[in-house]
Amino acid sequence: MTEGEIRLEESWKGVLATEFAAPYMHELRAFLVAEKEAGKRIFPKGADYFRALDLTPVDAVRVVILGQDPYHGAGQAHGLCFSVQPGTRTPPSLVNIYKEMKSDLGIAPAAHGFLEHWAKQGVLLLNSVLTVEEGRAAAHQGRGWERFTDAVIRAVNDRCDGVVFMLWGAYAQKKAAFVDQEKHLVLKAAHPSPLSAHNGFLGSRPFSKANEFLVSRGKDPIDWTLPPLPEH
(Lines give C-alpha, C1' and ligand atoms only; values in the text may rest on other atoms or scores of the structure.)
Protein backbone atom coordinates (compact mmCIF):
# COMPACT_ATOMS: atom_id res chain seq x y z
CA MET A 1 0.00 0.00 0.00
CA THR A 2 1.56 3.24 -1.08
CA GLU A 3 0.69 6.56 0.44
CA GLY A 4 -0.80 7.74 -2.84
CA GLU A 5 -3.47 5.04 -2.68
CA ILE A 6 -4.73 5.73 0.82
CA ARG A 7 -6.21 8.63 2.71
CA LEU A 8 -4.32 8.97 5.95
CA GLU A 9 -3.62 11.92 8.21
CA GLU A 10 0.06 12.92 8.19
CA SER A 11 0.97 12.10 11.81
CA TRP A 12 -0.02 8.46 11.34
CA LYS A 13 1.99 8.16 8.12
CA GLY A 14 5.13 8.92 10.13
CA VAL A 15 4.23 6.72 13.09
CA LEU A 16 3.29 3.74 10.90
CA ALA A 17 5.88 4.10 8.12
CA THR A 18 7.72 0.93 9.10
CA GLU A 19 4.43 -1.02 9.11
CA PHE A 20 3.50 0.17 5.62
CA ALA A 21 6.97 -0.85 4.39
CA ALA A 22 6.86 -4.30 6.01
CA PRO A 23 6.45 -7.46 3.90
CA TYR A 24 3.18 -8.43 5.58
CA MET A 25 1.53 -5.21 4.41
CA HIS A 26 2.67 -5.82 0.83
CA GLU A 27 1.17 -9.32 1.08
CA LEU A 28 -2.06 -7.87 2.48
CA ARG A 29 -2.29 -5.37 -0.35
CA ALA A 30 -1.73 -8.13 -2.93
CA PHE A 31 -4.47 -10.20 -1.29
CA LEU A 32 -6.95 -7.30 -1.44
CA VAL A 33 -6.11 -6.56 -5.07
CA ALA A 34 -6.60 -10.22 -5.98
CA GLU A 35 -9.93 -10.39 -4.15
CA LYS A 36 -11.22 -7.35 -6.04
CA GLU A 37 -9.96 -8.70 -9.35
CA ALA A 38 -11.86 -11.92 -8.61
CA GLY A 39 -15.04 -9.86 -8.47
CA LYS A 40 -15.51 -9.87 -4.72
CA ARG A 41 -16.99 -6.80 -3.04
CA ILE A 42 -14.79 -5.51 -0.24
CA PHE A 43 -16.03 -3.19 2.52
CA PRO A 44 -15.39 -0.45 3.33
CA LYS A 45 -14.29 1.25 0.09
CA GLY A 46 -10.51 1.66 -0.28
CA ALA A 47 -10.46 5.33 0.62
CA ASP A 48 -12.06 4.49 3.98
CA TYR A 49 -9.77 1.63 5.09
CA PHE A 50 -7.95 4.04 7.42
CA ARG A 51 -10.83 6.43 8.11
CA ALA A 52 -10.52 6.01 11.90
CA LEU A 53 -6.88 7.12 11.76
CA ASP A 54 -7.56 9.83 9.20
CA LEU A 55 -10.16 11.53 11.42
CA THR A 56 -8.19 11.17 14.68
CA PRO A 57 -4.51 12.26 14.57
CA VAL A 58 -2.26 10.33 16.93
CA ASP A 59 -1.65 13.27 19.26
CA ALA A 60 -5.38 14.01 19.41
CA VAL A 61 -6.43 10.57 20.68
CA ARG A 62 -8.31 10.82 23.98
CA VAL A 63 -10.40 7.63 23.88
CA VAL A 64 -9.89 4.31 22.08
CA ILE A 65 -12.85 2.04 21.35
CA LEU A 66 -11.87 -1.31 19.84
CA GLY A 67 -14.03 -3.34 17.49
CA GLN A 68 -13.28 -6.55 15.65
CA ASP A 69 -14.42 -6.54 12.00
CA PRO A 70 -16.20 -4.12 9.68
CA TYR A 71 -19.88 -4.72 9.02
CA HIS A 72 -20.25 -6.91 5.94
CA GLY A 73 -23.54 -5.61 4.52
CA ALA A 74 -23.80 -3.07 1.70
CA GLY A 75 -23.98 0.55 2.82
CA GLN A 76 -22.78 -0.11 6.35
CA ALA A 77 -18.99 0.01 6.93
CA HIS A 78 -17.09 3.27 6.45
CA GLY A 79 -13.95 2.68 8.51
CA LEU A 80 -15.11 3.37 12.07
CA CYS A 81 -15.93 0.55 14.47
CA PHE A 82 -19.60 0.27 15.51
CA SER A 83 -20.49 3.12 13.12
CA VAL A 84 -22.59 2.87 9.95
CA GLN A 85 -23.11 5.17 7.01
CA PRO A 86 -25.99 7.66 7.04
CA GLY A 87 -29.27 6.12 5.96
CA THR A 88 -28.37 2.67 7.33
CA ARG A 89 -30.30 1.14 10.22
CA THR A 90 -28.49 1.37 13.56
CA PRO A 91 -26.94 -2.07 14.26
CA PRO A 92 -27.91 -3.99 17.43
CA SER A 93 -24.60 -3.44 19.27
CA LEU A 94 -24.81 0.30 18.68
CA VAL A 95 -28.43 0.30 19.89
CA ASN A 96 -27.10 -1.08 23.18
CA ILE A 97 -24.29 1.49 23.25
CA TYR A 98 -26.92 4.22 22.90
CA LYS A 99 -29.01 2.55 25.62
CA GLU A 100 -26.03 2.67 27.99
CA MET A 101 -25.32 6.32 27.05
CA LYS A 102 -28.89 7.21 27.99
CA SER A 103 -28.62 5.36 31.30
CA ASP A 104 -25.17 6.81 32.03
CA LEU A 105 -25.45 10.40 30.77
CA GLY A 106 -29.14 10.92 29.98
CA ILE A 107 -28.39 11.31 26.26
CA ALA A 108 -31.33 10.30 24.07
CA PRO A 109 -30.40 7.74 21.39
CA ALA A 110 -29.47 9.28 18.05
CA ALA A 111 -31.74 8.60 15.09
CA HIS A 112 -28.72 7.37 13.11
CA GLY A 113 -25.57 5.29 13.60
CA PHE A 114 -22.96 7.66 12.13
CA LEU A 115 -20.21 8.25 14.73
CA GLU A 116 -17.83 10.65 12.97
CA HIS A 117 -18.68 13.35 15.54
CA TRP A 118 -16.92 11.21 18.15
CA ALA A 119 -13.91 10.51 15.92
CA LYS A 120 -13.37 14.20 15.24
CA GLN A 121 -13.12 14.81 19.00
CA GLY A 122 -10.34 12.27 19.53
CA VAL A 123 -12.28 9.00 19.91
CA LEU A 124 -10.29 6.43 17.91
CA LEU A 125 -12.93 4.00 16.62
CA LEU A 126 -10.58 1.22 15.60
CA ASN A 127 -11.46 -2.20 14.27
CA SER A 128 -8.86 -4.96 14.63
CA VAL A 129 -9.41 -6.01 11.01
CA LEU A 130 -10.01 -3.16 8.56
CA THR A 131 -11.65 -4.94 5.60
CA VAL A 132 -14.22 -7.67 4.99
CA GLU A 133 -15.85 -9.44 2.04
CA GLU A 134 -19.54 -8.73 1.46
CA GLY A 135 -21.71 -11.23 3.29
CA ARG A 136 -18.79 -13.09 4.87
CA ALA A 137 -18.11 -12.05 8.45
CA ALA A 138 -14.44 -12.28 9.48
CA ALA A 139 -13.38 -13.18 5.92
CA HIS A 140 -10.16 -11.16 6.21
CA GLN A 141 -9.03 -12.24 9.65
CA GLY A 142 -5.46 -13.54 9.83
CA ARG A 143 -4.31 -11.65 6.72
CA GLY A 144 -2.17 -9.06 8.49
CA TRP A 145 -4.56 -6.39 9.65
CA GLU A 146 -4.30 -7.54 13.26
CA ARG A 147 -0.55 -6.90 13.28
CA PHE A 148 -1.10 -3.45 11.79
CA THR A 149 -3.75 -2.45 14.34
CA ASP A 150 -1.58 -3.82 17.16
CA ALA A 151 1.00 -1.26 16.01
CA VAL A 152 -1.65 1.47 16.12
CA ILE A 153 -2.59 0.60 19.72
CA ARG A 154 1.08 0.41 20.67
CA ALA A 155 1.68 3.87 19.20
CA VAL A 156 -1.15 5.36 21.26
CA ASN A 157 0.04 3.55 24.37
CA ASP A 158 3.63 4.79 23.94
CA ARG A 159 3.14 8.29 22.53
CA CYS A 160 0.03 9.53 24.33
CA ASP A 161 -0.70 10.09 27.98
CA GLY A 162 -4.00 9.79 29.82
CA VAL A 163 -6.01 7.97 27.13
CA VAL A 164 -9.18 6.01 27.98
CA PHE A 165 -9.29 2.52 26.45
CA MET A 166 -12.81 1.08 26.27
CA LEU A 167 -12.32 -2.66 25.87
CA TRP A 168 -15.64 -4.39 25.32
CA GLY A 169 -15.54 -8.16 25.19
CA ALA A 170 -12.77 -10.73 25.54
CA TYR A 171 -11.32 -10.10 22.07
CA ALA A 172 -10.67 -6.40 22.67
CA GLN A 173 -9.37 -7.03 26.17
CA LYS A 174 -6.87 -9.58 24.92
CA LYS A 175 -5.76 -7.40 22.01
CA ALA A 176 -4.98 -4.41 24.23
CA ALA A 177 -3.71 -6.39 27.21
CA PHE A 178 -0.32 -4.64 27.00
CA VAL A 179 -1.71 -1.12 27.54
CA ASP A 180 0.07 0.66 30.41
CA GLN A 181 -2.52 1.15 33.14
CA GLU A 182 -0.19 3.51 35.00
CA LYS A 183 -0.47 5.99 32.10
CA HIS A 184 -3.96 5.26 30.83
CA LEU A 185 -7.44 4.33 32.06
CA VAL A 186 -8.58 0.88 30.91
CA LEU A 187 -12.33 0.25 31.15
CA LYS A 188 -13.31 -3.38 30.63
CA ALA A 189 -16.85 -4.62 30.12
CA ALA A 190 -18.81 -7.24 28.21
CA HIS A 191 -19.37 -6.68 24.50
CA PRO A 192 -22.47 -4.57 23.70
CA SER A 193 -23.91 -7.17 21.30
CA PRO A 194 -27.38 -8.47 22.21
CA LEU A 195 -25.78 -11.82 23.12
CA SER A 196 -23.66 -10.35 25.92
CA ALA A 197 -24.70 -6.79 26.76
CA HIS A 198 -26.61 -7.91 29.84
CA ASN A 199 -23.48 -9.65 31.20
CA GLY A 200 -21.82 -6.43 32.29
CA PHE A 201 -21.93 -3.90 29.47
CA LEU A 202 -25.25 -2.35 30.42
CA GLY A 203 -24.66 -0.51 33.68
CA SER A 204 -20.87 -0.19 33.21
CA ARG A 205 -21.08 3.62 32.75
CA PRO A 206 -18.04 3.94 30.47
CA PHE A 207 -18.94 7.38 29.11
CA SER A 208 -19.13 9.21 32.42
CA LYS A 209 -16.04 7.36 33.70
CA ALA A 210 -14.12 8.37 30.59
CA ASN A 211 -15.06 12.03 30.92
CA GLU A 212 -14.27 12.12 34.64
CA PHE A 213 -10.83 10.72 33.91
CA LEU A 214 -10.16 13.12 31.04
CA VAL A 215 -11.15 16.12 33.16
CA SER A 216 -8.93 14.85 36.01
CA ARG A 217 -6.03 14.92 33.53
CA GLY A 218 -6.79 18.49 32.45
CA LYS A 219 -8.41 17.47 29.16
CA ASP A 220 -11.76 18.40 27.72
CA PRO A 221 -14.49 15.77 28.10
CA ILE A 222 -15.99 14.13 25.04
CA ASP A 223 -19.35 15.45 23.84
CA TRP A 224 -21.04 12.08 23.33
CA THR A 225 -24.25 13.66 21.99
CA LEU A 226 -24.51 12.90 18.28
CA PRO A 227 -25.88 15.80 16.23
CA PRO A 228 -28.66 15.13 13.73
CA LEU A 229 -27.45 14.37 10.23
CA PRO A 230 -27.84 17.23 7.77
CA GLU A 231 -30.83 16.99 5.46
CA HIS A 232 -29.95 16.25 1.84
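Residues numbered from 1 in each chain as written. Predicted model: local features only at pLDDT ≥ 70, side-chain atom pairs only at ≥ 80, totals over all residues. Heavy atoms only, no water.

Tell me about the side chain of Glu35, and name the residues and values.
Residue placement: Glu35 occurs in helix 3 (residues 23-37). Using a relative accessible area of 11% as the deciding quantity, one classes Glu35 as buried. Discounting chain neighbours no more than four positions away, the residues touching Glu35 are Lys40, Ile42, Glu133 and His140. (Helix = DSSP H or I, 4+ residues; strand = E, 2+ residues; numbered from the N terminus. Buried < 20%, exposed > 50% of the residue type's maximum accessible area, 1.4 Å probe, protein only. Contact = heavy atoms within 4.5 Å.)

Give me the lowdown on the side chain of Glu116, citing residues and values where you can.
By the element assignment, Glu116 lies in helix 6 (residues 116-119). At a separation of 3.0 Å, a polar atom in the side chain of Glu116 contacts the side chain of Arg51. Each residue touching Glu116, except ones within four places of it in the same chain, is listed here: Arg51, Leu55, His78 and Leu80. (Polar contact = N/O pair within 3.5 Å; in protein donor to acceptor, adjacent residues only side chain to side chain.)

Residue-level account of the nonpolar core, with values.
Counting residues in each nonpolar core, the largest one holds 74 residues, and the members touching the most others are Trp12, Phe50, Leu124, Trp145, Phe148 and Trp224. Ranked by residues supplied to this core, first place goes to helix 7 (residues 145-159) with seven residues. Each residue touching Trp12, except ones within four places of it in the same chain, is listed here: Leu53, Thr56, Pro57, Val58, Val61, Leu124, Val152, Ala155 and Val156. (Core = buried A, V, L, I, M, F, W, Y, C linked by side-chain atoms within 4.5 Å.)

Any chance you could break down the sheet that holds strand 3 (residues 123-127) for me, citing the residues and the numbers?
Taken in spatial order, the four strands make up an open sheet running 3-2-5-6, and their pairing is parallel. The open sheet has two edge strands, strand 3 and strand 6 (185-189), and neither has a second partner. For this sheet, the mean angle separating the axes of adjacent strands, direction not counted, is 20°. Here three bridges tie strand 2 (residues 63-67) to strand 5 (residues 164-168), and the two strands are oriented parallel to one another. Considered in strand 5, the bridge of Val64 is made with Phe165. On the sheet, helix 9 (residues 206-216) packs against strand 2, strand 5 and strand 6 and is oriented at approximately 160° with respect to strand 5. (Pairing = 2+ DSSP bridges. Axes fitted to C-alpha atoms, helices over the stretch in contact; angles between N-to-C directions.)

Outline helix 3, listing residues and values.
Given a rise of 1.5 Å per residue, 15 residues ought to cover 21 Å, and the 21 Å separating the end C-alpha atoms of helix 3 matches this to within 8%. By the burial criterion, the buried members of helix 3 are Tyr24, Met25, Leu28, Phe31, Leu32 and Glu35. Buried residues of helix 3 fall within an arc of 115° about the axis and therefore sit on the same side. Turned more than 90 degrees off the buried face of helix 3, the exposed positions are Pro23, Glu27 and Glu37. Just downstream of helix 3, Gly39 is the residue with a positive phi angle, here 90°. (Expected span 1.5 Å × (residues − 1). Arc of directions from axis to C-beta.)

Describe the packing of helix 5 (residues 92-105) against helix 9, naming the residues involved and giving the relevant values.
Where helix 5 meets helix 9, the axes come as close as 8 Å, and the angle between the chain directions of the two elements is 60°. By the angle class used here, helix 5 and helix 9 are oblique. Taking contact as the criterion, the partners of Ile97, Glu100, Met101, Asp104 and Leu105 in helix 5 are, on helix 9, Pro206, Phe207 and Ser208. Looking at the contact of helix 5 with helix 9 residue by residue, the class counts come to five nonpolar, one polar and two charged. (Parallel < 35°, antiparallel > 145°, perpendicular 65-115°, else oblique. Nonpolar A, V, L, I, M, F, W, Y, C, P; charged D, E, K, R; others polar.)

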